Amino acid sequence: MSEQNIPYKIYLHEHEMPKQWYNMRADMKHKPAPLLNPGTLKPMTEEELSGVFCTELAKQELDDSTPYIDIPEEILKFYKMYRPSPLVRAYCLEEKLQTPAKIYYKFEGNNTSGSHKLNSAIAQAYYAKQQGLKGVTTETGAGQWGTALSMACSYFDLDCRVYMVKVSYEQKPFRREVMRTYGASVTPSPSETTEVGRRILAEHPGTTGSLGCAISEAVEAAVGTEGYRYVLGSVLNQVLLHQSVIGLETKAAMDKYEITPDIIIGCAGGGSNLGGLISPFMGEKLRGERDYRFIAVEPASCPSFTRGKFAYDFCDTGKVCPLAKMYTLGSGFIPSANHAGGLRYHGMSSVLSQLYADGMMEARAVEQTAVFDAAEQFARVEGILPAPESSHAIRAAIDEALKCRETGEEKTILFGLTGTGYFDMVAYEKYHNGEMADYIPTDEELKPGFASLPGIE
Ligand SMILES: *Cc1c(COP(=O)(O)O)cnc(C)c1O
């Protein structure tokens, strides 16, 4: 296909949208390690998981053999409200960079939650409703997941209780109000409303909270309330499954124009957008049909892949969740103030961790100011104000495109633009005022986190 024929935006028609999710685990020779019961250290059974999660989601969590799972009709309907998301050819960025590389991005910020998280939120709310539950509890860091879940819950008329990391609760009052607009109740975490919250407050008075801590509170609230279950917006296998819709749409759109990416890039917090974006491409690589380079981009201040250990760890600070084998900095690791709140988690999806351990993908860590340099450069030519999280992927995509300028290679680069940054203007302000610091933990500073690992290989 000749260049001129590729439009700026490649959309799919409604009838071309994926009707099934793709489960990458089915094609993995080395399956991700199972979640372990923190008491018995035995793999979590469906029954045990069903005490915390909705039953259907517990099934999806454990299913590592079914490659395609039908997307229920009601979820398809909801998807049609804001999907397909555009796949954009970044012609303007290419021109600005004077690169022979061809750059594409899949933009997931075109909904009120402002990120890809709605793709899994609506699925999780749907299964909760199907099961006849009254409501769900969750945690939110920067607020995108809480917002997505409140939208999904209001659609299905479910109660939604959000534990929001205190620092974000205070810094992002508007996020909180969006959630309340959709009927959710929002509690700053750590709080006095749970046992684990009270314990953490006693141990660390004045703490501004962390995702791991908010997870513990949300799990405790779910398990202790009749008719409630806990839902999580990243890390879990089920979330990667739902997010496969991103990659499937991307692949369908690219196939229409016979475009094949050489390099696929995504930011990695818990791994859900990256896992979703790469899934059909990784499937081809796993089946030996085609090769791609995959790059996970994480903040240098929270470097789970690039400096973490591949070991079993607690998913939360309060150690109430199952243990997962993953690249982790230890549940006791408290990242420094970084403006990409969605990338501040100590661990990483077990699926992506296994793929990384097997050499199927690469990872790199980037520093905050370099990320905002990229964000601003992108905003000025592509007309979208990107989320700080997404801008990690932009940074790596620009770096790869600049390499192509050096070598003259016409590589095709695809990256995930996970969301918009309208609620991150305090971070942009710091950047513009020259008050943004790059923080890279020393090996010494990583030690306490590693010391908190349970010591199970
Ligand atoms: C939550 C979030 C991320 C990181 O989460 P993953 O599970 O790693 O995808 C990235 N970008 C945005 C905009 C987010 O809201």
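What counts and what doesn't
Along each chain, numbering runs from 1 in the same order as the chain's sequence is written. Totals for whole chains, interfaces and linings use every residue, but because this is a predicted model, local features are given only for residues with pLDDT of at least 70 and side-chain atom pairs only at 80 or more, for both listing and counting. Only heavy atoms go into the side-chain values, all of them from the structure, while hydrogens and water stay out. Pairing between strands is defined by DSSP: at least two bridges between the two strands are required. Only runs of H or I of at least four residues qualify as helices and only runs of E of at least two qualify as strands under DSSP, and these elements are numbered from the N terminus. Axis definition: a line fitted to C-alpha atoms, limited for helices to the stretch in contact. Angles are taken between N-to-C directions and run from 0 to 180 degrees. In these notes, residues near a molecule or strand are those with any non-hydrogen atom within 4 Å of it. Contacts described as polar in this section are N or O atom pairs within 3.5 Å, which, within protein, must combine one atom able to donate a hydrogen with one able to accept it, while residues neighboring in sequence count only if both atoms come from side chains. For the area figures, the Shrake-Rupley method with a 1.4 Å probe applies, and any residue is considered shielded solely by the protein chains shown. When residue character is reported, Ala, Val, Leu, Ile, Met, Phe, Trp, Tyr, Cys and Pro are called nonpolar, Asp, Glu, Lys and Arg charged, and the others, Gly included, polar. For Phe, Tyr and Trp, rings pair up if their centres lie within 6.5 Å, where Trp contributes its six-membered ring, and each pair is then called stacked (planes under 30 degrees apart), edge-to-face (over 60) or tilted (otherwise). Only protein chains enter the accessibility calculation, which uses a 1.4 Å probe; a residue is then buried when its area is under 20% of its type maximum, exposed when over 50%, and partly exposed in between. A ring is scored as having a charge over it whenever the NZ atom of a lysine or the CZ atom of an arginine sits within 6 Å of its centre and within 35 degrees of its normal. The definitions used throughout rest on a 1 Å grid laid over the protein atoms alone, on which a cavity is an enclosed set of points accommodating a 1.4 Å probe that cannot get out and a pocket is an open set flanked by protein within 12 Å on both sides along at least five of seven lines; lining residues are those having an atom within 4 Å of a point. Grid points are joined across faces, edges and corners, and a volume is the space filled by probe spheres set on the points.

**Q** So what's going on with the sheet that holds strand 7 (residues 159–165)? Residues and values would help.
**A** What holds strands together in a sheet is hydrogen bonding between their backbones, with the strands either parallel or antiparallel. If you trace the four strands from one edge of the open sheet to the other, you get 8-7-6-9, paired in parallel fashion. In this open sheet, the two edge strands, each paired with only one partner strand, are strand 8 (185–189) and strand 9 (228–230). Strand-to-strand twist across the sheet, computed as the mean angle between neighbouring axes with direction ignored, equals 25°.

**Q** Can you break down the site of the ligand residue by residue, with the values?
**A** Neighbouring the ligand are 19 residues; K117, S234, G269, S272 and T418 lie closest to it. Within the contact set of the ligand, an oxygen atom lies 3.1 Å away from a side-chain nitrogen or oxygen of H116. Between the ligand and S272, the relevant distance is 2.7 Å, taken from an oxygen atom to a side-chain nitrogen or oxygen of the residue. Against a free-state accessible area of 380 Å², the protein chains account for coverage of 98% of the ligand. Secondary structure elements with two or more residues in the shell around the ligand: helix 12 (272–286) and helix 16 (388–407). Residue composition of the shell around the ligand, grouped by class: four nonpolar, 13 polar and two charged.

**Q** Please set out the packing of aromatic side chains residue by residue, giving values where relevant.
**A** Under the criterion given, the structure shown has 20 aromatic pairs. Between the aromatic rings of F78 and Y155, the centroid separation amounts to 4.8 Å while the plane-to-plane angle is 65°, which identifies the pairing as edge-to-face. One end of the pair, F78, is in helix 3 (residues 73–82); the other, Y155, is in helix 6 (residues 144–155), and 77 residues separate them in sequence. Looking at F78, the relative accessible area reads 3%, which means it is buried. Residue class for Y155 comes out partly exposed when judged on its relative accessible area of 37%. Ring centres of F305 and Y356 lie 4.6 Å apart, and the angle between their planes is 55°; on these two criteria the pair is classed as tilted. Within this pair, whereas F305 is found in helix 13 (residues 304–307), its partner Y356 is found in helix 14 (residues 350–357), the two being separated by 51 residues in sequence. Lying across the ring of Y169, R176 places its NZ or CZ 4.5 Å from the centre.

**Q** Describe the layout of surface pockets, with residues and values.
**A** Approximately 890 Å³ is the volume attributed to the largest pocket. Taken together, 43 residues form the lining of the largest pocket, with V165, V167, G209, S210 and R344 sitting closest to its centre. When residues of the lining of the largest pocket are traced back to their parent elements, those giving at least two are helix 7 (166–171), helix 8 (173–181), helix 9 (195–203), helix 10 (211–223) and helix 17 (425–432). With four residues, helix 17 is the largest single contributor of residues to the lining of the largest pocket. Among the residues making up the lining of the largest pocket, the classes are represented as 18 nonpolar, 18 polar and seven charged. By volume, the second largest pocket amounts to about 220 Å³. Along the wall of the second largest pocket there are 15 residues; nearest its centre are A33, P34, L35, E61 and N237. Counted by class, the lining of the second largest pocket contains 10 nonpolar, two polar and three charged residues.

Note that every value here comes from positions in space, so none of it alone points to a role or purpose.
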